[in-house]
Amino acid sequence: MQIGWHYSWNVVDAAAGLLGWLVVLGLVIRQRQKQETRRPIWKILIVTLAGFFSLSFKIPLFGQIVNIALLPLGLWVAYLFLRNRSWTDFRKFAWMGFAANYLFLVTALLAGFIHGSFYDSNDPSAYLAHLEKAKLLAIHPSAREATFEKELFSSSLAEVKASDLSGTLDWYRKSKLEDSTQYQQERFPYALLGAEARWGSGLHASAYFEADGKGLLLATKDRYYYYRSEKPMLRMEGRE
């Protein structure tokens, strides 16, 4: 069963992006004021934006996936359209747009460091900060009757410890094989719906509880986090 994520925007990335565009706009206005023949601002902005488009590739850098601009495709297109008319007046703005790729690379890396200092991606409470609308859903017939209580879960969440995930992923792989004893067995028969991440974090995760109520699995788009508690995080009914 696929559980949808709640939307949470990344306030640090948004602020870094806004700062980058303000810097670009400020440089464009400053450069325009230096021109003897001032071209219309809307044309300058179009050429600057055109210069921003480039052939780029993605690389992992400091724990992030970032774009590295290589070829100024937008600048070449602008040159083809303006080479016989006013290219000399717009050339610097086109290059300014291409250089903005590296400005945004710097702001993205800076935002990553700042974000990590405010929101710890290894802390489960960052993903499950707001529980007002949270509810428990049994997603497998083997699930015992259980109840989600906000106070119980919050107190348990403060004491959980990160656990070895290798055995959990190994179980998951074996549970998909028809000749395996784990086939069609569910180790995490409960899903937590309606929980929201910390405001402005931009973090997203689907949350699942282990059958004994002591294990918590958080599934993000690129990795898993597994935590264990000494006591059940759910109000379990019936016998073990």
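I will try to describe carefully the structure that is included in this document. Bear in mind that the values here come from a model prediction, so they are computed numbers and not experimental data.

Focus: the sheet that holds strand β3 (residues 135-138)
In step 1: In space, the 6 strands of this open sheet follow the order β3-β6-β7-β8-β9-β5, with antiparallel pairing throughout. Pairing within the sheet leaves two strands with one partner each, and these edge strands are β3 and β5 (161-162).
In step 2: In the sheet, β5 pairs with strand β9 (residues 224-228) via 2 bridges, with the strands oriented antiparallel. Pairing of K161 across the sheet is with R228, part of β9.

Some words on a positive patch on the surface
In step 1: On the surface, R30, K34, R91 and K92 cluster together into a patch of positive charge.
In step 2: Taking relative accessible area as the criterion, R91 reaches 37% and is therefore assigned partly exposed.

Regarding the nonpolar core
In globular proteins that are soluble, nonpolar side chains generally tend to be buried together.
In step 1: The biggest cluster of nonpolar side chains holds 29 residues, and the ones touching the most others in it are L128, F153, L192, F209, L216 and L218.
In step 2: Going through the elements one at a time, α1 (11-34), α5 (124-127), α6 (150-157), β6 (190-193), β7 (206-209), β8 (215-219) and β9 are the ones with two or more residues in this core.
In step 3: Excluding its chain neighbours within four sequence positions, the residues that come into contact with F153 are L128, L131, F148, F209 and M233.
In step 4: The next biggest cluster of nonpolar side chains, apart from the first, holds 14 residues, and it includes V47, W87, F90 and F93.

Some thoughts on the side chain of H115
In step 1: Among the secondary structure elements, H115 is positioned in helix α4 (residues 87-118).
In step 2: Not counting chain neighbours up to four residues away, the residues in contact with H115 comprise N10, V12, S201 and L203.

Here is what the cut-offs are and how they apply
- Residues numbered from 1 in each chain as written.
- Predicted model: local features only at pLDDT ≥ 70, side-chain atom pairs only at ≥ 80, totals over all residues.
- Heavy atoms only, no water.
- Pairing = 2+ DSSP bridges.
- Helix = DSSP H or I, 4+ residues; strand = E, 2+ residues; numbered from the N terminus.
- Patch = residues over 30% accessible without salt bridge, like charges linked within 9 Å, V, L, I, M, F, W, Y side chains within 5 Å.
- Areas by Shrake-Rupley, 256 points an atom, 1.4 Å probe, with all protein chains shown as cover.
- Salt bridge = Lys/Arg side-chain N within 4 Å of Asp/Glu carboxyl O.
- Lys, Arg positive; Asp, Glu negative; His and termini not counted.
- Charge placed at Lys NZ, Arg CZ, Asp CG, Glu CD.
- Buried < 20%, exposed > 50% of the residue type's maximum accessible area, 1.4 Å probe, protein only.
- Core = buried A, V, L, I, M, F, W, Y, C linked by side-chain atoms within 4.5 Å.
- Contact = heavy atoms within 4.5 Å.

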